[in-house]
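# Inside the fold
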Amino acid sequence: MAQGMSTRQLIQRLLLLVLVMFGFGFALVPIYEVMCQAFGINGKTAGAYQGEQTVDEARQVRVQFLATNAADMVWEFQPLADEVAVHPGAVSEMRFVAFNPTDKPMTAQAIPSVAPSKAAAFFHKTECFCFTQQVLQPGERIEMPVRFIVDRDLPADVRHLTLAYTLFDITARKPPVPVAGR
Amino acid sequence: MSPGATEVSRSVFDLHMTIFWICVVIGVVVFGVMFWSMLIHRRASGQQPAHFHESTTVEILWTIVPLVILVVMAIPATKTLIDIYDTSESELDIQITGYQWKWHYKYLGQDVEFFSNLATPSAQIHNKTAKDEHYLLEVDQPLVIPVGTKVRFLVTAADVIHSWWVPALAVKKDAIPGFVNESWTRIDTPGIYRGQCTELCGKDHGFMPVVVEVKSKEDFSKWLAERKQAALAEKELTSKVWTLDELVARGEKAYQTNCASCHQPTGEGLPPMFPPLKGSKIATGPAAGHIGIVVNGKAGTAMAAFGKQLSEVDIAAIITYERNAWGNKVGDMVTPKDIVAFKKAQE
Amino acid sequence: MSAVIDHGHTDHAHGPAKGLMRWVLTTNHKDIGTMYLWFSFAMFLLGGSMAMVIRAELFQPGLQIVQPEFFNQMTTMHGLIMVFGAVMPAFVGLANWMIPLMIGAPDMALPRMNNFSFWLLPAAFGMLVSTLFSEGGGPNFGWTFYAPLSTTYAPESVTFFIFAVHLMGISSIMGAINVVATILNLRAPGMTLMKMPLFVWTWLITAFLLIAVMPVLAGCVTMMLMDIHFGTSFFSAAGGGDPVLFQHVFWFFGHPEVYIMILPAFGAVSSIIPAFARKPLFGYTSMVYATASIAFLSFIVWAHHMFTVGIPLTGELFFMYATMLIAVPTGVKVFNWVSTMWQGSMTFEAPMLFAVAFVILFTIGGFSGLMLAIAPADFQYHDTYFVVAHFHYVLVPGAIFGIFASAYYWLPKWTGHMYDETLAKLHFWMSFIGMNLAFFPMHFVGLAGMPRRIPDYNLQFADFNMVSSVGAFTFGATQFLFLFIVIKCIRGGKPAPAKPWDGAEGLEWTVPSPAPYHTFSTPPDVK
């Protein structure tokens, strides 16, 4: 009999493997997060800008803005301009308008996504309303800024970027605190 | 599979045919040997079994040869794929958003946007009338794009995952809520190209076709201008004085397009997911509550906020229709102005 | 007479306890194997009847029999029941019966756990099927249950679905641990690893795949459960999660799962073809290595199910190349089988017929798989009937024909009687024709542009769909013939000798037919 280890030891190891793989299922979440950040999978934008802080005046990139509402979201939500031309390395800003037309305070979360995905890793947001949840009182209208830098290392063939936000109603999950403002 | 209408779709088609024929040739050889053996090497024909059971040379050979064939296949495949991923230098950008169960098209920077719903009458689906040639592949408003122009699609979704597919363009992109995907096409010949949603998205997944109408560049500009005009005209309808009959007639049509898939043409719904409207408290109660639920939707249910999706005229017409159809006899009428007032009051 | 399933009636064999409790409490690998096989056949008929509903609705364009909502529940349940209820338990049943006999072991290594892992299954499937009768209906999001359709937009019954998947997972994991422990620790003296029959080898590898990926599936549905009930956002974009992550986790399980359903069939066929060609298996060693490489590759190709979700170009290329590589070891296997037949002295009894059909039709499924691997072409095939045709070609003549071949091959050993060869041949030909009629036209409608999982379609697809439906009805009806053949074989027939197939090899043929309740209490000597 090929007796490497006792049945008991073998089962212990196999059970350990089961536990490890169960954990691995969950570990895929952070692993995926890291992969997305690194390769811009699914338009996840990159972290803080660490490149050279000088502006590449010679190059211009079109940045286009999209604002989409999830199907059950009633807010008005749009950018102030459809697109801007920016120089890589320069800090740019765009403001989005949100308006709560209902008679209830509501909480919203905007989810950003950048296309093409190969450019996402070169798009850095220094300030964004998507970093926090937005609470709007009935009838309240606000302008929300996003500040961003397009990386100087953006691949040369990318002349055109799209920053898309989808606005979700998360009132049920995060009930707004009755105090106005954030 | 058809060669389709774009350069990309043709190279995909060629790729498909190449792999297909390679597979056929391999199949003929392998199955040929097999059938030969099955015919000749039978016990019934007195065959004595041989005893060989390995041959390193042969085994190495049939590992290497398939590898070489695979490399031959991979080269054109890689080229085509790189082509498909090149979304730069587009001349027209269109945002495509999947909803349960319709598509929304927005011409970026053009102020033109609309929903595209299935136009096949439910009588055809339920076998009450003969089916058209384009049964289930007909929409009320197709996506219109100009010929010979690089059009970039930004594909996303508002609820669940959908997938936008037109076979003739070889474009299939998943529409995922919260994320934007890119794709592009340049169509050589004007015409009408049809496709469907290809990711299971719930009950009416089979009933949300894609229709793309390709016009010449001049016709496209004309169409775009008309669309903008029509949007203005629609706004004027809001201030028009409507009669109950007019509203009910318009409402019936709009109801069939936008509401009937869940609440059913009979107003009986599909409980418990989709409640009936016939005799419902909301549709026979105070008008304000009825307007509220249509405009704002109901959180946590499949009822979307149609205030964002439909014009005031259509919302008013649908509500009026619902309050006066299938034995609901409220008799009142909700006008487009009421909807405007309702939205104002919310501000 | 351990294969007799007449509950509560007396049994003449010595050894097993009498009555119903024999089956409830049994720890005998043959009894448990028998129960697995009957359970899987019952699920096969149930899942098959759902396929009949689907094909009846698709017989003609228009909505006739069921509404779209119910249609979606049918496609979902058909997939889940066939994958987890029919194919996987059938192979576990075969493993239970045959692995101890093949390696000269007295029983499985963990007999009591064996009993428990079987009895979890009826509980799991009872719960799953009962959701069909709940308010709001059963699972309707496809067997791949993509979020958010299966989370935010799911019917209430999704919680029961998740619990059922957990139970199936636990059952499979325990079964797999048992198989590994049995194979590694209970082999008869002299039965070295490289002397094991290929069925044992493929099951060993399958068991490791199960242990590796079933916990990932469990993690996946646990995350769904937390999203639905505990306010987390693993897969919900609204909370910063990612619906695409779901697909990555699911297919990390899902692709190895596909091989879990086919590898044991490879093993069985590798025993059957040499037996009826009366010639040793060609390239035993390369078969083992090919199986291992397929198993390894299955972990790095999962994203080929997701070519259209918008993976970056480099990712797309990587998964395309990796997927194409699978053709190499699979090709080696097919070439080995053909070479085994070459210059043999073949006869074509039912097991051989099913095995040969397996090789041919599985290869056709392999070809369409290769086509699907080519990412740009996949954009045209993805989620169309071409995919449906592909996976039915690898699963029906692959997994299911493999199971039929095994059943006919070992029925004499299980029952002590020969089955009715004429009826079995009829069963084969009807299944063969029905199956091809049902699934071959799906290639055409898929290429013509018909998406999968739709209850109604354009008129251009009508003719082929009608043919498909006729084929499916033929195939479905034919399976009652199989039931009849098996019952007839259990009740009587020509007594089977210990080794009914003159070319067969292996320890299982050294024990009498029917196999006594206890075998190899003293280990045999393996040369």
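The model shown is predicted, which means the values in this text are computed figures rather than measured ones.

Rules of the game
- Residues numbered from 1 in each chain as written.
- Chains lettered and ligands numbered in written order.
- Predicted model: local features only at pLDDT ≥ 70, side-chain atom pairs only at ≥ 80, totals over all residues.
- Helix = DSSP H or I, 4+ residues; strand = E, 2+ residues; numbered from the N terminus.
- Rg over C-alpha atoms; globule rule 2.2 N^0.38 Å.
- Buried ≥ 20, exposed ≤ 12 C-beta atoms within 10 Å, placed from the backbone.
- Contact = placed C-beta atoms within 7 Å.
- Nonpolar A, V, L, I, M, F, W, Y, C, P; charged D, E, K, R; others polar.
- UniProt positions renumbered as here; feature names shortened; annotations may be inferred.
- Domains from an automatic or database assignment.
- Axes fitted to C-alpha atoms, helices over the stretch in contact; angles between N-to-C directions.
- Parallel < 35°, antiparallel > 145°, perpendicular 65-115°, else oblique.
- Left-handed = near helix turned anticlockwise from the far one by under 90°.
- Pairing = 2+ DSSP bridges.
- Expected span 1.5 Å × (residues − 1).

## Re the overall build of chain C
For chain C, the count of helices and strands is 16 helices and 0 strands. Relative to the 2.2 N^0.38 estimate, which gives 24 Å for 527 residues, the radius of gyration of chain C is 23 Å and therefore close to what a compact globule would have. For chain C, the C-alpha atoms occupy an extent of roughly 65 × 50 × 45 Å along the three principal directions. With 527 residues in all, chain C has 67% of them scored as buried. Looking at chain C alone, contacts between residues at least 24 apart form 81% of all its contacts between residues at least 6 apart.

## Some remarks on the overall build of chain B
Each helix and strand in chain B was counted, giving 10 helices and 10 strands. Over its C-alpha trace chain B gives a radius of gyration of 28 Å, far above what one expects of a compact globule, namely 20 Å for 347 residues. Over its C-alpha atoms, taken along the principal directions, chain B stretches across nearly 90 × 50 × 40 Å. In chain B, which comprises 347 residues, the proportion classed as buried is 43%.

## Regarding the interface of chain A and chain C
Across the contact, 31 residues belong to chain A and 32 residues belong to chain C. Secondary-structure elements contributing two or more residues to the side of chain A that touches chain C are α1 (7–39), β5 (106–115), α2 (117–120) and β9 (160–169) of chain A. Residue contributions to the side of chain A that touches chain C peak at 15 residues, all from α1 of chain A. Across the side of chain A that touches chain C, the residue classes tally to 20 nonpolar, 9 polar and 2 charged.

## Things to note about the UniProt feature "domain: Cytochrome oxidase subunit I profile" (unreviewed entry) in chain C
Within the UniProt annotation, "domain: Cytochrome oxidase subunit I profile" (unreviewed entry) is assigned to residues 23–527 of chain C. Regarding residues 23–527 of chain C, the helix share stands at 68% and the strand share at 0%, and the terminal C-alpha atoms are separated by 36 Å.

## Focus: the interface of chain C and chain B
How big an interface is tends to be expressed through the accessible area that disappears when the partners come together. Facing 73 residues of chain C, the contacting portion of chain B comprises 73 residues. Elements with a contribution of two residues or more to the side of chain C that touches chain B: α3 (68–103), α7 (243–260), α10 (313–325), α11 (327–341), α12 (350–373) and α13 (375–381) of chain C. Per-element tally for the side of chain C that touches chain B: the top contributor is α11 of chain C, with 8 residues. Here the side of chain C that touches chain B is built from residues that sort into 45 nonpolar, 20 polar and 8 charged.

## Thoughts on the UniProt feature "domain: Cytochrome oxidase subunit II transmembrane region profile" (unreviewed entry) in chain B
Residues annotated by UniProt as "domain: Cytochrome oxidase subunit II transmembrane region profile" (unreviewed entry) correspond here to residues 1–88 of chain B. The span residues 1–88 of chain B shows a helical share of 72% and a strand share of 0%, and its end C-alpha atoms are spaced 28 Å apart.

## Examining the domain arrangement of chain B
Residue and element names in this part refer to chain B. Domain boundaries in chain B define domain 1 (7–85), domain 2 (92–231) and domain 3 (240–346). Taken over C-alpha atoms, the centre of domain 1 sits 40 Å from the centre of domain 2. Opposite the 4 residues of domain 1 that make contact, domain 2 presents 4 residues. For the side of domain 1 that touches domain 2, a count of residues per class yields 2 nonpolar, 1 polar and 1 charged.

## Examining the packing of helix α2 (residues 29–58) of chain C against helix α16 (residues 462–491) of chain C
Describing two packed helices takes the angle between their axes plus the distance from one axis to the other. Residue and element names in this part refer to chain C. For the pair α2 and α16, interaxial distance at closest approach is 9 Å and the crossing angle is 155°. Put simply, α2 runs roughly antiparallel to α16. Along this stretch, α2 crosses α16, giving a crossing that reads as left-handed. When α2 is examined against α16, the residues Leu 45, Gly 48, Ala 51, Met 52, Arg 55, Ala 56 and Leu 58 are found in contact with a partner set consisting of Asn 465, Ser 468, Ser 469, Ala 472, Phe 473, Gly 476 and Gln 479. Along the lines of polarity and charge, the residues of the contact of α2 with α16 split into 7 nonpolar, 6 polar and 1 charged.

## Thoughts on the sheet that holds strand β3 (residues 112–116) of chain B
Sheet strands associate in pairs through backbone hydrogen bonding, adopting either a parallel or an antiparallel arrangement. All names here are of chain B. Spatially, 5 strands are ordered β3-β2-β1-β5-β8 in an open sheet, and the strand pairing comes out mixed. The strands lining the two open edges of the sheet, one partner per strand, are β3 and β8 (181–185). Put simply, the sheet's adjacent strands are angled 20° from each other on average, direction ignored. One ladder, built from 5 bridges, connects strand β2 (residues 102–107) with β3; its direction is antiparallel. Bridge pairing in β3 places Tyr 107 opposite Val 112.

## Thoughts on the pairing of strand β1 (residues 92–99) of chain B
In terms of burial, β1 of chain B is largely enclosed, as 7 of its 8 residues are buried. Counting the residues between successive antiparallel strands, the hairpin from β1 of chain B to β2 of chain B contains 2 residues.

## Observations concerning the sheet that holds strand β3 (residues 83–86) of chain A
Residues and elements named next belong to chain A. Taken in spatial order, the 5 strands of this open sheet run β3-β1-β9-β5-β7, and their pairing is mixed. Where the open sheet ends on each side, the last strands, each with one partner, are β3 and β7 (134–136). Each strand of the sheet is rotated relative to its neighbour by a mean of 30°, with strand direction disregarded. In this structure, strand β1 (residues 61–69) lies alongside β9, joined through 8 bridges in parallel fashion. Pairing of Thr 68 across the sheet is with Thr 166, part of β9.

## Some points on the pairing of β5 of chain A
All names here are of chain A. Burial of β5 is extensive: 9 of the 10 residues sit out of reach of the surface. Note: β5 against β7, 3 bridges, orientation antiparallel. Counted as the bridge partner of Ala 108 is Gln 134 from β7. Note that β5 and β9 share 8 bridges and pair antiparallel. For Gln 109, the partnering residue across the bridge sits in β9 and is Phe 168.

## Digging into the environment of Val 171 of chain B
Residues and elements named next belong to chain B. Its location among the elements puts Val 171 in strand β7 (residues 171–175). Overall, the presence of 27 C-beta atoms within 10 Å leaves Val 171 in the buried class. Spatially, the C-alpha atom of Val 171 lies 21 Å from that of Ile 75, the residues being 96 residues apart in sequence. Excluding residues that lie within four positions of it along the chain, Val 171 makes contacts with Phe 153, Trp 165, Val 166, Ser 183 and Thr 185.

## Side note on helix α9 (residues 284–297) of chain C
For α9 of chain C, which comprises 14 residues, the first-to-last C-alpha distance of 20 Å matches the rise-based estimate of 20 Å (1.5 Å per residue) to within 8%. Listed in full, the buried residues belonging to α9 of chain C are Tyr 284, Ser 286, Met 287, Ala 290, Thr 291, Ile 294 and Ala 295 of chain C. On its buried face, α9 of chain C sits against α2 (56–84) of chain B together with α6 (198–229), α7, α8 (263–277) and α11 of chain C.

## Side note on helix α1 (residues 7–40) of chain B
Between its first and last C-alpha atoms α1 of chain B spans 49 Å; for 34 residues at 1.5 Å apiece the expected length is 50 Å, and the two agree. Along α1 of chain B, the residues classified as buried are Val 8, Ser 9, Ser 11, Val 12, Leu 15, His 16, Ile 19, Ile 26, Met 34 and Ser 37 of chain B. Contact partners of the buried residues in α1 of chain B: α2 of chain B together with α11, α12 and α13 of chain C.

## With respect to unusual backbone geometry
With an omega of -5°, the peptide bond between Gln 100 of chain B and Trp 101 of chain B qualifies as cis. Topologically, Trp 101 of chain B is positioned in the loop between β1 and β2. The peptide bond linking Ser 513 of chain C to Pro 514 of chain C adopts the cis configuration, its omega dihedral lying at -10°. Its place among the elements puts Pro 514 of chain C in the segment after α16. For Trp 326 of chain B, which is not glycine, the phi dihedral falls at a positive 50°. Along the polypeptide, Trp 326 of chain B turns up in the loop between α9 (312–323) and α10 (336–346). Overall, Trp 326 of chain B belongs to the partly exposed group, with 17 C-beta atoms counted inside 10 Å.

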